[in-house]
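One letter stands for each residue in the lines below.
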Amino acid sequence: MVTEVFTPAMFRAMAAKGYTQEDLCLRVGWSRRKIVDNFTMELAAAIEFLLDTPAKELWNFRKGELRALQAGRREFNRMLCSREVIAWARRFPVRELESRGLIASAAGMGTAGMGAIGHNAASATAAATACNSHAQRYESGLVPREVMKFMGVASIAGWQKAYAIAQDTLNPHAYSAWLRVGELQVSRPPADFEIDRGCIARNLAFLRNNALPYRAGLRRVFEETLRKCDVAVLQVPAFLAAPAPRAACFWKGARPVLQLPTGTASDGDFMESAYGAMGHILYNRKRLSCLVTADKVISSDPARGGAAMHIAENLLLTEAEECEIICCGRFEEPRCIEYFSRAFHVRPGIIVTRLQDQRKIPAISPLNAFKIAV
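Residues numbered from 1 in each chain as written. Predicted model: local features only at pLDDT ≥ 70, side-chain atom pairs only at ≥ 80, totals over all residues. Heavy atoms only, no water.

Draft legend 1. View of the packing of aromatic side chains. Going through the model one piece at a time under the given rule, you end up with 11 aromatic pairs. For the ring pair Trp-59 and Phe-61, a centre distance of 6.2 Å and an interplane angle of 70° mean the geometry is edge-to-face. Judged on exposure class, the residue Trp-59 and its partner Phe-61 are both buried. An angle of 65° between the planes, with centres 6.0 Å apart, marks the rings of Phe-92 and Trp-159 as edge-to-face. (Phe/Tyr/Trp six-rings, centres within 6.5 Å; stacked < 30°, edge-to-face > 60°. Buried < 20%, exposed > 50% of the residue type's maximum accessible area, 1.4 Å probe, protein only.)

Draft legend 2. Expanded view of unusual backbone geometry. For Asp-52, which is not glycine, the phi torsion reads 55° and is therefore positive. The topology assignment puts Asp-52 in the loop between α4 (41-51) and α5 (55-58). Residue Asp-52 is classed as exposed on the basis of its relative accessible area of 53%. Here the phi dihedral of His-345 falls at roughly 55°; this positive angle occurs in a residue that is not glycine. With respect to the helices and strands, the residue His-345 is situated in the loop between α20 (334-344) and α21 (348-357). Residue classification places His-345 among the partly exposed residues on the basis of a relative accessible area of 46%. (Helix = DSSP H or I, 4+ residues; strand = E, 2+ residues; numbered from the N terminus.)

Draft legend 3. Spatial organisation of helix α19 (residues 319-328). Among all positions of α19, only Glu-321, Glu-322 and Ile-325 are buried. One side of α19 carries all its buried residues, which in axial view fall inside an arc of 100°. The exposed set on the far side of α19, more than 90 degrees from its buried face, consists of Ala-320 and Cys-327. For α19, the elements touching its buried residues are α15 (197-210), α20 and α21. (Arc of directions from axis to C-beta. Contact = heavy atoms within 4.5 Å.)

Draft legend 4. Seen up close, the side chain of Arg-180. Looking at where Arg-180 falls in the secondary structure, it is placed in helix α14 (residues 172-183). Apart from the residues lying within four places of it in its own chain, the contact partners of Arg-180 are Tyr-19, Arg-27, Phe-150, Met-151, Gly-152 and Tyr-163.

Draft legend 5. Molecular detail of the side chain of Ser-155. In this structure, Ser-155 sits in the loop between α12 (142-151) and α13 (156-162). One polar contact links the side chain of Ser-155 to the main-chain carbonyl oxygen of Val-28, over a distance of 2.8 Å. A polar contact is formed between the side chain of Ser-155 and the backbone nitrogen of Gly-158, at a distance of 2.9 Å. Beyond its immediate sequence surroundings of up to four residues, Ser-155 is in contact with Arg-27, Val-28, Gly-29 and Met-148. (Polar contact = N/O pair within 3.5 Å; in protein donor to acceptor, adjacent residues only side chain to side chain.)

Draft legend 6. Highlighting helix α6 (residues 63-80). For α6, built from 18 residues, the straight-helix expectation of 26 Å at 1.5 Å per residue is met to within 8% by its first-to-last C-alpha distance of 27 Å. When α6 is considered as a whole, its buried residues turn out to be Glu-65, Leu-69, Gly-72, Arg-73, Phe-76, Asn-77 and Leu-80. All buried residues of α6 project into a common sector of 140° when viewed along the axis, lining one side. Along α6, exposed side chains directed more than 90 degrees from the buried face belong to Gly-64 and Arg-67. Each element contacted by the buried residues of α6 is listed here: α4, α5, α7 (83-90) and α12. (Expected span 1.5 Å × (residues − 1).)

Draft legend 7. Examining the pairing of strand β2 (residues 247-252) more closely. Of all six residues in β2, six are buried, a share of seventy percent or more. The alternating pattern of β2 places Ala-247, Cys-249 and Trp-251 on one face and Ala-248, Phe-250 and Lys-252 on the opposite face, and all of these are buried. With three bridges joining them, β2 and strand β4 (residues 290-292) adopt antiparallel strand pairing. Bridging from a neighbouring strand, Ala-247 pairs with Val-292 of β4. Bridge count for β2 against strand β3 (residues 255-261) is five bridges, and the pairing is antiparallel. Each residue of the ladder has a partner; that of Phe-250, found in β3, is Val-257. (Pairing = 2+ DSSP bridges.)

Draft legend 8. Looking closely at the sheet that holds strand β5 (residues 297-299). As summarised here, the arrangement of the five strands in space is β1-β3-β2-β4-β5, forming an open sheet in which the pairing is mixed. Only two strands of the sheet have a single neighbouring strand rather than two, namely β1 (232-236) and β5. This sheet shows a mean twist of 20° between the axes of neighbouring strands, independent of strand direction. The sheet contact formed by β1 and β3 spans five bridges and is parallel. Each bridged residue has a counterpart across the sheet, and for Val-233 the counterpart in β3 is Leu-258. Contacting β1 and β3, helix α16 (residues 218-227) runs over the sheet at an angle of about 145° to β1. (Axes fitted to C-alpha atoms, helices over the stretch in contact; angles between N-to-C directions.)

Next comes the structure, spelled out in structure tokens:
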């Protein structure tokens, strides 16, 4: 049996995938202690699947253990064909993933799916030929294997842990797939570096005070501002299966990533969502991730998430400024919105959005004319 789990070869394979030990454990669905203390051949098959590297290159097996490794691979394949995993895979936007080239299409799924590490190519081709129907491609494990490969996980538990912030949404499968598309577009920096949080905060404050002249170009200016501060900014199209979150943030190594959906949004919604996600990057040293949806902000650390969101809101429109607008009592008049926009150097669409969030004005209001699509 393997005496050392995390071998130099395994670390090299992890580095090639951009995974740390913590990443690997999350995506396998086991703790590091459990992986080390309860290493099995089925777990070896899961890890070789996750790292896309043959187990024989990761660990030194004795001759008698190779047969056990084959048995472990068969157990892993049976897991892919289980009812639970098939039902899990069906909830992903598989058709759209195929059309975008993110997973193998039905026509080419035979060799891409069953011809993975540890499988015989001839039997893979035979299996693919036998799977003529849509249902058979699921039941044979072809589609579940492709979905797991795309998501970069080796179990449902691994998916739940790696994409924990998506679990508390109405569409966790579509949201996690949307996040995964962004993750695959960002490379891990060759060496860790420390971002200048003060510089990012100053740039966000400057943008808030000088964004009034920008119309549809606000999104472009916002992205350019953050990229100059070493923040990766992505625009990822939503899936038809579910609307995308308004914004998300996560980390790739030491690089913070802000992910936004493509398409237009009102300036108020765009900046509220983007600043909310940036609050988690700025004011949490633990490299937290978050998801901003239409009705809430989901943080990987709820205790810190509320504080980060409060600071982000103040960065965009301070509590004192908001109170002054509300105390005016005449904010339903367009000239009042225009006055405070000039006084506080903030876009009128942001004021309208904030007042609607506070339910001071209705969602359908003539003041919505102040909002500009960006």
